[in-house]
Amino acid sequence: MDLGLKNKTAFIAGASSGLGLAATEALLREGCNVAPCSRNRGRIDAAAVHLGNSEKVLPVVCDVTNEAHIEAAIDSVVAHFGGLNIIVTNAGGPPTGYVGDFDAKTWRRGLDLNLVSTINMCRHALPHLKRAAVETGLARILMVTSIAAKQPIPSLYLSNTARAGVQGFAKTLSEEVGPSGITVNTILPGFTRTARLRHLVDDIQTRTGQTAEEIEAEWAAGAALKRLAEPGEFAAVAAFLCSARASYITGCAIPVCGGYSKHVF
């Protein structure tokens, strides 16, 4: 299937590893120009080498909790590739813990990382996306959240709260920008084999004394498919939602969780 992404341009946040890097790989395979970003120069340069360091790859250093960084990063992508069709908002997960474990400062940092960063990325991308919708017929916003936004996970208080906020923002934004031809969707990964998941396992081991195998088996048992996801399975759905083929999908929250979420809707 031709996804209609050849020579379109995508900015992907949090893309030095994990789900962000997997999404970048999938979009690049479809012919996109890709601008993966990370706050760490060494890590994003290593990701660019992994991606092939071609003229279609522009590694960008950007701390998404810094609005000035976001604005400069998006402007640099537009200047380099001549436009912007797709933005994939993404950031690492905040610390794990329970309600009494966090002070107000930690709550604010968690919301800045996963909610405010998403809002600011969309705000600064919108003028370019509106132009792309007119000039190319393809403009997409895809926000990476978590299945925790639908089904909160114990010990992920910060993530559960911030990701649910992203869902509300996305739904509201989809109504505003729909007449401009921009689609807005969220993608909700479940337990996927990434470095972030390994860190979560380590945190749970410290708290409970369970083995890594026991923790992963418990997660897998909660999914209808009885296994964890691979990053490429998430990335395939992300690429489709960014594509020309997904032109009539907007305002939707798409789980990629193997049936872990038990909600009917």
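None of these values were measured; they are calculated from a predicted model.

Analysis parameters
Residues numbered from 1 in each chain as written. Predicted model: local features only at pLDDT ≥ 70, side-chain atom pairs only at ≥ 80, totals over all residues. Heavy atoms only, no water. Core = buried A, V, L, I, M, F, W, Y, C linked by side-chain atoms within 4.5 Å. Buried < 20%, exposed > 50% of the residue type's maximum accessible area, 1.4 Å probe, protein only. Helix = DSSP H or I, 4+ residues; strand = E, 2+ residues; numbered from the N terminus. Expected span 1.5 Å × (residues − 1). Bend = angle between axes of the 7 residues up to and from the residue. 1 Å grid on protein atoms, 1.4 Å probe; cavity = no way out; pocket = protein on both sides within 12 Å on 5 of 7 lines; lining within 4 Å. Points joined across faces, edges and corners; volume = space filled by probe spheres on them. Nonpolar A, V, L, I, M, F, W, Y, C, P; charged D, E, K, R; others polar.

Student: I'm lost on the nonpolar core in this one. Help?
Tutor: As a rule of thumb, nonpolar side chains are buried together in soluble globular proteins. Counting 35 residues, the largest nonpolar core has F11 and I141 as the members making the most contacts within it. When residues of this core are traced back to their parent elements, those giving at least two are β2 (33-38), α3 (67-81), α4 (104-135), β5 (140-144) and α5 (157-177). If you tally residues by element for this core, the top one is α4, at eight residues. Core analysis: the next-biggest nonpolar cluster, separate from the first, contains 32 residues, L19, A47, A239 and V256 among them.

Student: Can you help me understand α4 in this one?
Tutor: Think of an α-helix as turning once every 3.6 residues; residues three or four places apart then point the same way. Spanning 32 residues, α4 covers 45 Å between terminal C-alpha atoms, matching the ideal 46 Å at 1.5 Å per step. The principal kink in α4, of about 45 degrees, is found at L126, preceding the proline P127 by one to four residues. G137, located one to two residues past α4, shows a positive phi value of around 80 degrees.

Student: Is there a simple way to explain the layout of surface pockets in this structure?
Tutor: A probe as big as a water molecule, rolled over the atoms, marks out the empty space that is left. What the largest pocket holds in volume is close to 1000 Å³. Residue lining of the largest pocket: 40 residues in total, with N90, A91, G92, G93 and R196 positioned closest to the centre. Those elements giving two or more residues to the lining of the largest pocket turn out to be α1 (18-29), β2, α4, α5 and α6 (195-208). Its residues placed into classes, the lining of the largest pocket shows 16 nonpolar, 18 polar and six charged. In this structure, the second largest pocket encloses a volume near 280 Å³.

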